[in-house]
Amino acid sequence: MSGSSKTISMDGFTRVAAVDDIPAGGAKVVEVNGRELAVFNVSGTYYAIYNICPHQGGPLGEGTLKGHVVSCPWHDLAFDVRTGLASDGGGNCVGSYEVKVKESEVFVGPRRKVQD
Ligand code: FES
């Protein structure tokens, strides 16, 4: 596989990367349906959240990932990539999206519902 950026839709999911494109502890910024998302690899499990920080628009996909938490590169607000919720409990959040891996390809689907 070449790791091309070709996009294929599958049951509402869109191919965004090959698994090898996103190393463990890393991220890739992708566009799905006109929306910029950051896809993270946390120890082999992939998560997708909206890439734009709600504070002043920092690119979360360029932030520092520690465990499941990414820190915004601009002013350090931190978000749990599993849920999109700010890890400080302060009420900030970004959208979180379904992710599937199939045959070494990473697919992003619909926005996940926030659970109480
Ligand atoms: S823009 Fe992300 S913390 Fe300020």
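None of the values given here were measured: they were computed from a predicted structure.

1. Focus on the sheet that holds strand S6 (residues 64-66)
Here is step 1: Spatially, the three strands line up as an open sheet ordered S6-S7-S8, and their pairing is antiparallel. The open sheet terminates on both sides in strands that have one partner only, identified here as S6 and strand S8 (78-80). For this sheet, the mean angle separating the axes of adjacent strands, direction not counted, is 25°.
Here is step 2: Pairing geometry for strand S7 (residues 69-71) and S8, over three bridges, is antiparallel. Counted as the bridge partner of Ser71 is Ala78 from S8.

2. A short note on unusual backbone geometry
Both trends apply: most residues other than glycine have a negative phi, and most peptide bonds are in trans.
Here is step 1: Even without being glycine, Asp76 reaches a positive phi, approximately 80°.
Here is step 2: With respect to the element layout, Asp76 can be found in the loop between S7 and S8.
Here is step 3: Non-glycine residue Ser104 carries a positive phi angle of around 65°.
Here is step 4: Mapped onto the secondary structure, Ser104 falls in the loop between strand S9 (96-102) and strand S10 (105-111).

Procedures and definitions
- Residues numbered from 1 in each chain as written.
- Predicted model: local features only at pLDDT ≥ 70, side-chain atom pairs only at ≥ 80, totals over all residues.
- Pairing = 2+ DSSP bridges.
- Helix = DSSP H or I, 4+ residues; strand = E, 2+ residues; numbered from the N terminus.
- Axes fitted to C-alpha atoms, helices over the stretch in contact; angles between N-to-C directions.

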